Amino acid sequence: MPSTHNQGAFLNLPADMSDPRDARAVVLPVPYEATTSYVRGTARGPRSILAASAQVEWYDEARGDEPCRRGISTLAPLDCDGAPEDVVGRIAGVVEAHVGDGRFVLALGGEHTLTVGCAAGAEAAGPLTIVQIDAHADLRDEYQGSPWSHACVMRRLAGRFPIVQIGIRSMSAEEAAFSEEANGLLCVTGREIAAARCEPGGCLVWVERAVQAIETERVYLSVDLDGLDPSVVPAVGTPEPGGLLWNEALAFVRTLFESRKVVSADVVELCPRSGTVRSDFAAARLAYKIVGHALRA
Ligand SMILES: [Mn+2]
């Protein structure tokens, strides 16, 4: 366990392992919250994930290495004041600069709207597919009067990017109709994931189907933590039963990194609860798994 105290840095990495000049990956805290529709508090998500990450082992027991030694820099939290378009534009600028320099960017949310900015920034270096782990389709054209709601994030990206959705189990009739007609949209439902547990091959059934549907080499991965089952990550704004189990999510993420070039990612919608850290810790663990894969690529 790291002993150097460097409060705020991802994994509590000491300065020589988090120097922005050498780091091959950067963590971008985005404490953005404007349109949360149920339980509020996701603005505190980045800080809680960073705090929990100080307790995450550097050693990856599944791979037998310490990928963080290749350098992970933690950026200052993004200024999230202003209109959603302005915040999204600011995010795009930061992501574009780092991805353009060949660094992997992991954004920590904050609400899902930030993905619009991250994907735009990552796209500047070449075409990509959005892979979304989520309970919700997020395909509403607007929600509670805003086209920038977290419930609309994939609708803002649909048409512009191919999208592969994983774990979906909640949508409106409008979203179902849009999903049915949209080109370049694949949805792996929560029901399909659950049914595969009883099949020979288990999660390989849907993992392979999802990865094979990705037609671009470059990928942006967006993880809404409510895509995981609430037994794994209960502290989200809109918990939906019937989600991905921990090892299913890890198997999918690993297969994705091994078969495509994932250039940037986000982990969003953590809604920290006082008195319990299990969700914060799971989010931090998942964040390090993602960055670790990127650093090995
Ligand atoms: Mn969601």
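Reading the values: rules and limits
- Every chain is numbered independently, its residues counted from 1 as its sequence is written.
- The model is predicted, so local features are restricted to residues of pLDDT at least 70 and side-chain atom pairs to those at 80 or more, both for listing and for counting; the totals for chains, interfaces and linings are taken over all residues.
- For the side-chain quantities, the full set of heavy atoms in the structure was used; hydrogens and water were omitted.
- Put simply, DSSP H or I for four residues or longer makes a helix, DSSP E for two residues or longer makes a strand, and each gets a number counted from the N terminus.
- Within these notes, the globule rule equals 2.2 Å times the number of residues to the 0.38 power, and the radius of gyration is based on C-alpha atoms.
- Burial here depends on accessible area, computed with a 1.4 Å probe over protein chains only, as a share of the maximum for the residue type. Under 20% is buried, over 50% is exposed, and the range in between is partly exposed.
- Contacts are assigned to residue pairs that have any heavy atoms within 4.5 Å of one another.
- For this analysis, a ring pair means two rings from Phe, Tyr or Trp (six-membered ring only for Trp) whose centres lie within 6.5 Å, classed as stacked if their planes differ by under 30 degrees, edge-to-face if by over 60, and tilted for the remaining angles.
- Only when the NZ of Lys or the CZ of Arg is both within 6 Å of the ring centre and within 35 degrees of the ring normal is a charge said to sit over the ring.
- Coordinating donors are taken to be N, O and S atoms lying within 2.8 Å of the metal, or within 3.2 Å when the metal is Na, K or Ca; because water is excluded from the atom set, some sites may appear incomplete.
- Take the residue count of a helix, subtract one, and multiply by 1.5 Å to get its expected span.
- Here a strand pair is declared whenever DSSP counts at least two bridges between the two strands.
- To obtain each axis, a line is fitted to C-alpha atoms, and for helices this fit is confined to the stretch in contact; angles are then taken between N-to-C directions over 0 to 180 degrees.
- Within this scheme, the nonpolar core is defined by two criteria: the residues are buried Ala, Val, Leu, Ile, Met, Phe, Trp, Tyr or Cys, and they are joined through side-chain atoms within 4.5 Å.
- Here, the term right-handed applies to a crossover whose path from the first strand over the helix to the second runs clockwise when the strands point away from the viewer.
- Relative orientations are named as follows: roughly parallel for angles under 35 degrees, roughly antiparallel for angles over 145 degrees, roughly perpendicular for angles from 65 to 115 degrees, and oblique for any other angle.
- Each crossing is labelled by how the near helix is turned from the far one, with a counterclockwise turn of less than a right angle marking it left-handed and a clockwise turn marking it right-handed.
- We call Asp, Glu, Lys and Arg charged. Ala, Val, Leu, Ile, Met, Phe, Trp, Tyr, Cys and Pro are nonpolar, and the rest, Gly among them, are polar.

Caption draft 1: Up close: the overall build of the protein chain. Counting its regular elements, the protein chain contains nine helices and eight strands. Its C-alpha atoms give the protein chain a radius of gyration of 17 Å, within 12% of the compact-globule value 19 Å for 297 residues. Taken along its principal axes, the extent of the C-alpha atoms in the protein chain is 50 × 50 × 40 Å. Residues classed as buried in the protein chain amount to 58% of the 297 residues present. A fraction of 77% describes how many contacts in the protein chain between residues 6 or more apart in sequence connect residues 24 or more apart.

Caption draft 2: Quick look at the environment of Thr-42. Its location among the elements puts Thr-42 in the loop between strand S1 (25-30) and helix H1 (45-53). Considering only alpha carbons, one finds Thr-42 and Asp-19, 23 residues apart in sequence, at a separation of 28 Å.

Caption draft 3: Main features of the packing of aromatic side chains. Per the counting criterion, the structure on display carries three aromatic pairs. Both rings, one in Phe-10 and one in Tyr-288, keep their centres 6.4 Å apart while their planes meet at 70°; by these two values the pair is edge-to-face. Taken together, the positions of Phe-10 in the segment before S1 and Tyr-288 in helix H9 (residues 278-296) put the pair 278 residues apart, joining distant regions of the chain. Comparing Phe-10 with Tyr-288, the two get one shared label, buried. In this structure, Arg-155 packs its charged tip against the face of Phe-178, placed 4.0 Å from the ring centre.

Caption draft 4: Structural context of the coordination of the manganese ion. The protein atoms that coordinate the manganese ion are Asp-134 (OD), His-136 (ND1), Asp-224 (OD), Asp-226 (OD) and Asp-226 (OD), at distances of 2.2 to 2.6 Å. In the primary sequence, the donor residues of the manganese ion line up as D-x1-H-x87-D-x1-D. Like His-136, Asp-134 is buried.

Caption draft 5: Summary view of helix H2 (residues 84-100). In a regular helix each residue adds 1.5 Å, so 17 residues correspond to 24 Å; H2 covers 24 Å between its end C-alpha atoms and thus fits that length. Taken together, the buried residues of H2 touch S1, strand S3 (104-109), helix H3 (114-123), strand S7 (218-224) and strand S8 (261-268). Directly beyond the C-terminal end of H2, a positive phi value near 85° is found at Gly-102.

Caption draft 6: Looking closely at the sheet that holds S1. Reading across the sheet, the eight strands line up as S2-S1-S3-S8-S7-S4-S5-S6 and stay open at both edges, with parallel pairing between neighbours. A single partner strand is all that each edge strand has here, and the edge strands are strand S2 (72-74) and strand S6 (185-189). For this sheet, the mean angle separating the axes of adjacent strands, direction not counted, is 15°. Strand direction decides the pairing type here: S3 and S8, joined by four bridges, are parallel. For Leu-108, the partnering residue across the bridge sits in S8 and is Val-267. Sheet strands touched by H1: S1, S2, S3 and S8. Its angle to S3, the strand with the most contacts, is close to 115°.

Caption draft 7: Layout of the nonpolar core. With 59 residues, the main nonpolar core has Ile-72, Phe-104, Ile-166, Leu-221, Phe-252 and Ile-290 as its most contacted residues. Ranked by residue count, the leading element in this core is H9, at ten residues. Beyond its immediate stretch of four places on either side in the chain, Phe-252 contacts Val-131, Ile-133, Ile-166, Trp-206, Val-207, Ala-210 and Val-211.

Caption draft 8: The pairing of S6, seen in detail. Counting buried residues in S6 gives four out of five residues, a clear majority hidden from the surface. Summarising the sheet, strand S5 (residues 163-168) and S6 pair through five bridges and their orientation is parallel. Bridged to Ile-168 within S6 is Thr-189. Between the parallel pair S5 and S6, the chain is carried across by helix H5 (residues 173-181), and the sense of this crossover is right-handed.

Caption draft 9: Expanded view of the packing of helix H8 (residues 246-259) against H9. Axis separation between H8 and H9 bottoms out at 10 Å; the angle between their running directions is 20°. Comparing their axes, H9 and H8 come out roughly parallel. Between H8 and H9 the crossing geometry is right-handed. The segment H8 lies against H9, with Trp-246, Leu-250, Val-253, Arg-254 and Phe-257 engaging Ala-282, Arg-285, Leu-286, Lys-289, Ile-290, His-293 and Ala-294. When grouped by side-chain class, the residues that make up the contact of H8 with H9 number eight nonpolar, one polar and three charged.

Caption draft 10: Representation of H9 within the structure. The end-to-end C-alpha distance of H9, which contains 19 residues, comes to 27 Å, matching closely the 27 Å that a straight helix rising 1.5 Å per residue would cover. For H9, a buried count of 16 out of 19 residues is recorded, marking the element as mostly surrounded by other parts of the structure.

Caption draft 11: Examining the side chain of Ser-146 more closely. One can find Ser-146 in the loop between strand S4 (129-133) and helix H4 (153-157). Contact partners of Ser-146, with chain neighbours within four places excluded, come to Thr-35 and Cys-152.

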